Amino acid sequence: KVCLAEDLKLGRQVALKFPAIDSGAASPALLERFRREARAAAALSHPNICTVYGVEEHQGRPVMVMEFVDGETLAARLERGALKLDQALAMSIQIAGALAEAHGKGVVHRDLKPANIMIGKSGAKVLDFGLAKIERRSADQEQTHTMTVEGTILGTVQYMSPEQAQGKEADARSDIFSFGLVLYEMIAGKRAFERSNPASIIAAILEREAPALEPEGLNRVVRACLAKDPAQRPATAGEFL
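Rules used in this analysis
Along every chain, residues carry numbers that run from 1 in the direction the sequence is written. Since the coordinates come from a predicted model, pLDDT governs what is reported: local features require at least 70, and pairs of side-chain atoms require 80 or more to be given and counted, while whole-chain, interface and lining totals use all residues. The basis for every side-chain value is the complete set of heavy atoms in the structure, and neither hydrogens nor water enter the calculation. The numbering of helices and of strands both runs from the N terminus, where a helix is a DSSP run of H or I of at least 4 residues and a strand a run of E of at least 2. What makes two residues a contact is simply this: any of their non-hydrogen atoms within 4.5 Å. Polar contacts, as used here, are pairs of N or O atoms within 3.5 Å; protein pairs need one atom able to donate a hydrogen and one able to accept it. Residues neighboring in sequence count only if both atoms are side-chain atoms. Type-normalised accessible area, obtained with a 1.4 Å probe on protein chains alone, sets the label of each residue: buried when under 20%, exposed when over 50%, and partly exposed for intermediate values. For two strands to be treated as a pair, DSSP must find at least two bridges joining them. In this description, a nonpolar core means a group of buried Ala, Val, Leu, Ile, Met, Phe, Trp, Tyr and Cys residues linked to one another through side-chain atoms lying within 4.5 Å. Angular values range over 0 to 180 degrees, each being the angle between N-to-C directions of two axes fitted as lines to C-alpha atoms, with helices fitted over their stretch in contact. Here the angle decides the label: under 35 degrees means roughly parallel, over 145 means roughly antiparallel, 65 to 115 means roughly perpendicular, and every other value means oblique. In this scheme the crossing of two helices becomes right-handed for a clockwise turn of the near helix relative to the far one and left-handed for an anticlockwise turn of less than a right angle.

Draft legend 1. Inspection of the environment of His 46 at higher detail. For His 46, the location among the structural elements is in the loop between helix 1 (28-42) and strand 3 (52-58). Counting along the chain gives 79 residues from His 46 to Lys 125, while the straight-line C-alpha distance between them is 9.2 Å. Beyond its immediate sequence surroundings of up to four residues, His 46 is in contact with Gln 94, Gly 97, Ala 98 and Glu 101. A distance of 2.9 Å separates the side chain of His 46 from the backbone nitrogen of Asn 48, its partner in a polar contact.

Take a look at the structure:
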């Protein structure tokens, strides 16, 4: 649940995000996802990533205080059809820049989709790092903070990578695949793998190639993002840029 609020101390509008609670109490897994989202987003600083100001408590419930983005989601915009090519390319550069910041800080989003991208006056803003994987290197070891369980599918079916669809480990290259699907939809006005049910969508992601886009130069870039083998994709969003 997200509410618009006013920060009385600093005199600005903010968004307050509460964990979804149906039965009066949030599950430990839900609270951990909520805390991980706050940690992941707070570690990032980029004009195309929604800023997290902090985590407070309200009536015994955690609440995330976030930047208020006045606009609409990319999903809502795409309901009206494809973007003009120059708009799609400009927005894709902003989204890729946000992912480059995340990947550079060891954060893998794992649920990039139009519903998690806001379009405001200043451009695109990536948000909702609830499924993010956070990798941090300490002096003597690498630590990975994630909720992944081998064989568990995390993400949104229409925008997940082949490895996510198979329940395998997801890294920055999985975000690149999802980004390719978002870019495809912005340009074509339809999803690359549109099917009637989740099983058919997963089968298409694993086995089919997306219909070609025009111009050919752009098509090559998108196809590189949508390579079935992660090793054939750009390694990070920074490399893609």
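Draft legend 2. The pairing of strand 7 (residues 117-120), seen in detail. On strand 7, burial covers both faces: Ile 117 and Ile 119 on one face and Met 118 and Gly 120 on the other are all buried. Pairing of strand 5 (residues 71-73) with strand 7 involves three bridges; the strand directions are antiparallel. Note on strand 7: the bridge partner recorded for Glu 72 is Ile 119. Counting the residues between successive antiparallel strands, the hairpin from strand 7 to strand 8 (residues 123-126) contains two residues.

Draft legend 3. Structural view of the nonpolar core. In this structure, Leu 74, Met 91, Ile 95, Phe 129, Phe 179, Met 186 and Phe 193 are the most contacted members of the largest nonpolar core, which totals 57 residues. If one sorts the elements of this core by residue count, helix 5 (residues 172-188) sits on top with nine residues. For Leu 74, the contacting residues outside a window of four places in its chain are Leu 83, Met 91, Pro 114, Ile 117, Ile 119, Val 182 and Met 186. Formed by five residues, the second largest nonpolar core is a distinct cluster that contains Val 14, Leu 16, Phe 18 and Val 65.

Draft legend 4. Just the packing of helix 3 (residues 85-104) against helix 5, in detail. Two elements in contact, helix 3 and helix 5, have axes separated by 10 Å at closest approach and are oriented at 165°. Comparing the axis directions of helix 3 and helix 5 gives the class roughly antiparallel. Two packed elements cross with a definite hand, and for helix 3 against helix 5 that hand is right-handed. Residues Leu 85, Ala 88, Met 91, Ser 92, Ile 95, Ala 96, Leu 99 and His 103 of helix 3 touch helix 5, and the partners they reach there are Ala 172, Asp 175, Phe 179, Leu 183, Met 186 and Ile 187.

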